[in-house]
Amino acid sequence: MNLYDGKKGDRIRIKEVAIDGVMRRRLLDLGFVPGAVVDVLKKSPLGDPIAFRVSHTTIALRKEESTKITGELIQDDNE
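So, how was this worked out
- Residues numbered from 1 in each chain as written.
- Predicted model: local features only at pLDDT ≥ 70, side-chain atom pairs only at ≥ 80, totals over all residues.
- Heavy atoms only, no water.
- Buried < 20%, exposed > 50% of the residue type's maximum accessible area, 1.4 Å probe, protein only.
- Helix = DSSP H or I, 4+ residues; strand = E, 2+ residues; numbered from the N terminus.
- Pairing = 2+ DSSP bridges.
- Salt bridge = Lys/Arg side-chain N within 4 Å of Asp/Glu carboxyl O.

Q: Mind laying out the pairing of strand 3 (residues 50-54), listing which residues take part and the relevant values?
A: By the criterion of burial, strand 3 is predominantly enclosed, with 4 of the 5 residues buried. The hairpin turn running from strand 2 (residues 37-43) into strand 3, its antiparallel successor, is 6 residues long, and G47 in that turn takes a positive phi close to 85°.

Q: Explain the pattern of salt bridges to me, and be specific about the residues and the numbers.
A: Summed over all chains, the structure comprises 5 salt bridges. Among the ionic pairs, D29 bridges to R25, the shortest N-O distance being 3.1 Å. Of the two residues, D29 and R25 both sit in helix 1 (residues 21-30), 4 residues apart, roughly one turn of that helix. Note that R62 and E64 form a salt bridge whose closest N and O atoms lie 3.8 Å from each other. On the basis of relative accessibility, which here comes to 44%, the residue R62 falls in the partly exposed class. One network of salt bridges, in which partners are shared, links R62, E64 and E65.

What follows is the structure, encoded as structure tokens:
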């Protein structure tokens, strides 16, 4: 799944960041690296942008970027 498809409250472990150039470097520097866990915090009313938390940093990404970051949904152990 990609980050854009996540719902509020989901936790996603990043597998791939398929973005190039300066934006890729910025996202990697912020902690969007393979293996990192991302929390989906909030979606705007129209679904773009979406707020995510990774490595104690909150960042809003547009659909253009969040669809290019893929990972796996982490299931809550309490369910």
